[in-house]
Amino acid sequence: MSAIFLLVGILSSITDEEALQALRGSGIELLMDVAKETLQSLTNSIAATNWVNKYVTPYSQDVNFKYIIVGNEIHPSDIEAQYILSAMTNMQNAISSANLQIKVSTAIDTGDADPYIRLIINFLVNNGALLLANVYPYFAYANDQQSISLAYALFTQQGNNDVGYQNLFDAMLDSIYIALEKMGSSNLQIVVSESGWPSEGGDGATTNNASTYYANLISHASSGSGTPKRPGGSIETFLFAMFDENQKSGEPLSSLPDGKRETLEGTAMSAILLLVGILSSITGAQSLGICYGVNGGNLPSRQEVVDLYKNRSIGGMRIYYPDEEALQALKGSGLELIMDVAGETLQSLTDPNAATEWVNKYMTPYSQDVNFKYIAIGNEIHPGDNDAQYILSAMTNIQNAISSANLQVKVSTAIDTSLITNSYPPDNGVFTGNADLYIRPIINFLVNNGAPLLANVYPYFTYANDQQSISLAYALFSQQGNNDAGYQNLFDAMLDSIYAALEKVGASNLQIVVSESGWPSDGGDGATSQNAYTYYANLINHTMGGSGTPKRPGGPIETYLFALFDENQKPGVETERHFGLFNPNKSPKYHPPV
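Here the structure is a predicted model, which means the values were calculated and not measured. (Residues numbered from 1 in each chain as written. Predicted model: local features only at pLDDT ≥ 70, side-chain atom pairs only at ≥ 80, totals over all residues. Heavy atoms only, no water.)

S.K.: Teacher, can you tell me more about the overall build of the protein chain here?
M.R.: Looking only at helices and strands, the protein chain has 18 helices and 17 strands in total. Scored against the burial criterion, the 594 residues of the protein chain give a buried share of 53%. Considering only contacts within the protein chain whose residues lie at least 6 apart along the sequence, 70% involve residues at least 24 apart. By element, 47% of the accessible surface of the protein chain is carried by carbon and sulfur atoms, the whole surface being about 24400 Å². (Helix = DSSP H or I, 4+ residues; strand = E, 2+ residues; numbered from the N terminus. Buried < 20%, exposed > 50% of the residue type's maximum accessible area, 1.4 Å probe, protein only. Contact = heavy atoms within 4.5 Å. Areas by Shrake-Rupley, 256 points an atom, 1.4 Å probe, with all protein chains shown as cover.)

Written out as structure tokens, the structure is:
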């Protein structure tokens, strides 16, 4: 589940069918509000059915509706309050009758009160839906600057306050969770349906503060730390807003003592631009990372690299050997880490004592502060390679050593797609004869240990090696419609061919993590900056969009982009030196950035 989204404000209060048309096939998860003036009519069940039939059903195959919002910041004393529950009920019934899997909710602010909300909460619990909440530390700070510091509101306070909170956002969110607990709804999840900071128009409303708030909110919400009351996991959050809205009604903040959100324009786009272009689709499971290789000249220090990940809200990192300088820099960062065992170490790790020493040196001292996710034993090892004989034994010994150290980290290995044959149509995918003998015991190990298989998936090389059969559009996710096997893009087809091969060896439930995928900007056929930009942008959008693949529909695809920097000292063919997403000075390589 994607943790960070952008809200696009529109001046029209009616449902935006032009936007719905544009969203077709985009994979973007959508929250769609019911227009405020429509609420009363939706207390009629026939009107609700007509609404769903007009605005949801015709688009449901191509638009990724996530929630329908019935009422935004409706207060108990508002005339619309009397319509909300009935409208929600009718809308959910109409959606269910249309056989659509979409949840209905309402968006509250931090001023809503019992008993109005209690019946709504019961509805949400009974329907397995989420509560949406608009959380604005800015207004809480602006209305009480004597008690609330700017640092606390901007996530920049050093250390916790006397009630254990480092930032106001968490405190506000947890206050809602506490209120829910007191109503007997302790398991109801909250989605932050709006949060932002204005760049102008009130006390503390500056571009610099807005920039700081958005950057820190994205980093925090997608870091997996949660809140003190709900630790662990990312906080699904929608940033307000995509554009300034200079035609939006509202008065200056100083004239409104209750500090309603409507008082200020939407946040300046300049404050948003520091975000990575396809805005940190970093997920609840931290499902997007970037591989960090160091075979390049003039690269920044390890600490600067970690800071780059944090500033750009990149949730995961892969390193290719236990780099202790990088491990030191990663302390306290919250980044999820795939750490490879160095290739030259593989043979030694067939000795259990050596494996224990490895874990004691490179993992145990860092385990309290570094978020190890997977240890990769071997990268693209083939059955005929000398190192193939060491992989399973090394995996077993490292996993045993990790378990003995009471660490909850999974061990895997990273394969490439050369181990698969008969890959088209993808359902025919099967491990090659040599690969089957090599990989089957490894797969059994992964299944027995509840670990995923890591796979490096490169549509670029498949396209470059077979341009007569594979179109560039198919490789770049830009093909219109599906091919005769039901696939719109080569990435899904390659990934599903591995899933098909796993099914044929009895491992149909084994998960795949895409441990590398990328497109070079130079050095070979189709290796251009434009194609690389298109591939990365579409890959991020697709893997985070929640559509999955035809064989594994639904949910994001945990993916690590290759790579952070161009590596101009890397051996091999020329393309190997041109996969970077950032320049050595840490600026984005592509514009707009991906």
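Next comes the rest of the write-up.
S.K.: What should I look at first to understand the pattern of salt bridges in this one?
M.R.: Across all of its chains, the model carries 18 salt bridges by this definition. Notably, a salt bridge pairs Lys 551 with Asp 427, separated by 3.2 Å at the nearest N-O pair. Taken as a pair, Lys 551 in the loop between helix H18 (529-544) and strand E17 (559-561) and Asp 427 in the loop between strand E13 (420-421) and strand E14 (430-431) lie far apart in primary sequence, 124 residues in all. Since its relative accessible area comes to 21%, Lys 551 is described here as partly exposed. The salt bridge partner of Arg 440 is Asp 436, with a shortest N-O separation of 3.1 Å. A residue pair is termed a helical-turn pair when its members lie 3 or 4 positions apart in one helix, as Arg 440 and Asp 436 do in helix H14 (residues 433-449) at four residues. When salt bridges that share partners are traced, they join Asp 427, Glu 503, Lys 551 and Arg 552 into one network. (Salt bridge = Lys/Arg side-chain N within 4 Å of Asp/Glu carboxyl O.)

S.K.: Can you walk me through the packing of aromatic side chains in this structure?
M.R.: Each aromatic ring pair is summarised here by two numbers: the centre-to-centre distance and the angle between the ring planes. For the coordinates displayed, the defined rule picks out 27 aromatic pairs. Here Tyr 136 and Phe 139 contribute two aromatic rings whose centre-to-centre distance is 5.7 Å and whose plane-to-plane angle is 65 degrees, an arrangement assigned as edge-to-face. An identical accessibility class is assigned to Tyr 136 and Phe 139; each is buried. Ring centres of Tyr 136 and Phe 240 lie 6.3 Å apart, and the angle between their planes is 75 degrees; this geometry places the pair in the edge-to-face category. Within this pair, whereas Tyr 136 is found in the loop between strand E5 (131-134) and helix H5 (137-142), its partner Phe 240 is found in strand E7 (residues 237-240), the two being separated by 104 residues in sequence. Each member of the pair, Tyr 136 together with Phe 240, is buried. A cation over an aromatic ring shows up here: Arg 230 above the ring of Tyr 177, its NZ or CZ 4.2 Å from the ring centre. (Phe/Tyr/Trp six-rings, centres within 6.5 Å; stacked < 30°, edge-to-face > 60°. Lys NZ or Arg CZ within 6 Å of the ring centre and 35° of its normal.)

S.K.: How should the side chain of Asn 209 be read in this particular structure?
M.R.: Mapping Asn 209 onto the fold places it in helix H8 (residues 207-221). When its relative accessible area of 10% is taken as the criterion, Asn 209 is described as buried. Separated by 3.0 Å, the side chain of Asn 209 and the backbone oxygen of Gly 204 make a polar contact. Residues contacting Asn 209, with those up to four places away along its chain left out, are Leu 150, Leu 154, Trp 197 and Gly 204. (Polar contact = N/O pair within 3.5 Å; in protein donor to acceptor, adjacent residues only side chain to side chain.)

S.K.: Looking at this structure, I do not really get helix H13 (residues 388-404). What am I missing?
M.R.: For the α-helix, the turn length of 3.6 residues means that residues three or four positions removed from each other point alike. Taking 1.5 Å per residue, 17 residues should reach 24 Å; H13 reaches 25 Å between its end C-alpha atoms and fits that length. Within H13, burial applies to Ala 388, Tyr 390, Ile 391, Ala 394, Met 395, Asn 397, Ile 398, Gln 399, Ala 401 and Ile 402. Buried residues in H13 make contact with helix H12 (352-362), strand E11 (371-379), strand E12 (410-416) and H14. Once H13 ends, the next one or two residues include Asn 406, with phi positive near 60 degrees. (Expected span 1.5 Å × (residues − 1).)

S.K.: Is there a simple way to think about the confidence of the model for the protein chain in this case?
M.R.: Predicted coordinates in regions of low pLDDT should not be interpreted in detail. Here the protein chain averages 88 in pLDDT, and 89% of its residues register 70 or above. Confidence drops under a pLDDT of 50 for residues 9-14, and excluding neighbours within four residues, the segment shows eight contacts in the predicted structure. Here residues 251-286 is modelled with pLDDT under 50, and outside its nearest four sequence neighbours on either side it reaches 117 contacts, counting other chains as well. (pLDDT = per-residue confidence, 0-100.)

S.K.: Explain H8 to me, please; I cannot follow it from the model alone.
M.R.: A rise of 1.5 Å per residue sets the reference length of H8, with its 15 residues, at 21 Å; its end C-alpha atoms lie 21 Å apart and thus fit the reference within 8%. The set of residues buried in H8 consists of Asn 209, Ala 210, Ser 211, Tyr 213, Tyr 214, Ala 215, Leu 217, Ile 218, His 220 and Ala 221. The N-cap residue of H8 is Thr 206: its side-chain oxygen and the backbone nitrogen of Asn 209 are 3.0 Å apart.

S.K.: Would you take a moment to explain the nonpolar core for this structure?
M.R.: In summary, soluble globular proteins display a tendency toward joint burial of nonpolar side chains. One finds Ile 375 and Phe 431 to be the most contacted residues of the largest nonpolar core, which totals 105 residues. Top element by residues in this core is helix H17 (residues 490-504). It accounts for nine residues. Listed in part, the 74 residues of the second largest apolar core include Val 34, Ala 81, Ile 108 and Trp 197. (Core = buried A, V, L, I, M, F, W, Y, C linked by side-chain atoms within 4.5 Å.)

S.K.: Just checking my understanding: could you explain the pairing of E11 for this structure?
M.R.: The side chains of a regular strand alternate, first on one face of the sheet and then on the other. Burial analysis of E11 places seven of its nine residues in the buried class, the great majority of the element. In terms of strand pairing, strand E10 (residues 336-340) meets E11 through five bridges, oriented parallel. When the sheet's bridge partners are listed, Met 339 is paired in E11 with Ile 375. Sheet topology places E11 next to E12; four bridges connect them, and they run parallel. Note that in E12 the partner of Ala 376 across the bridge is Ser 412. (Pairing = 2+ DSSP bridges.)

S.K.: What is the right way to read the sheet that holds strand E15 (residues 453-456) from this model?
M.R.: Taken in spatial order, the eight strands line up as E8-E9-E10-E11-E12-E15-E16-E17 and close into a barrel, and their pairing is parallel. Strand-to-strand twist across the sheet, computed as the mean angle between neighbouring axes with direction ignored, equals 25 degrees. As defined by bridge partners, strand E8 (residues 288-291) adjoins strand E9 (residues 316-319) across three bridges and the pair is classed as parallel. Looking across to E9, one finds that Gly 289 is bridged to Gly 316. (Axes fitted to C-alpha atoms, helices over the stretch in contact; angles between N-to-C directions.)

S.K.: Please clarify how the environment of Leu 180 should be interpreted in this entry.
M.R.: Turning to its location among the elements, Leu 180 is positioned in helix H7 (residues 168-182). When the C-alpha positions of Leu 180 and Ile 121 are compared, they lie 8.2 Å apart, and in sequence the two are 59 residues distant. Not counting chain neighbours up to four residues away, the residues in contact with Leu 180 comprise Ile 121, Leu 131, Ser 185, Ser 186, Leu 188 and Ile 190.

S.K.: Even after reading the chapter, I still don't get the packing of H12 against H13, so can you show me in this structure?
M.R.: How two helices pack is summed up by the angle between their axes together with the distance between the axes. Between H12 and H13, whose axes approach to 8 Å, the crossing angle comes to 50 degrees. Taken as axis vectors, H12 and H13 run oblique relative to one another. In this structure, H12 crosses over H13, and the sense of that crossing is right-handed. Here H12 contributes Pro 352, Ala 355, Thr 356, Trp 358 and Val 359 to the contact with H13, which in turn contributes Asn 397, Ile 398, Ala 401 and Ile 402. Class assignment of the residues belonging to the contact of H12 with H13 gives a composition of seven nonpolar, two polar and no charged. (Parallel < 35°, antiparallel > 145°, perpendicular 65-115°, else oblique. Left-handed = near helix turned anticlockwise from the far one by under 90°. Nonpolar A, V, L, I, M, F, W, Y, C, P; charged D, E, K, R; others polar.)

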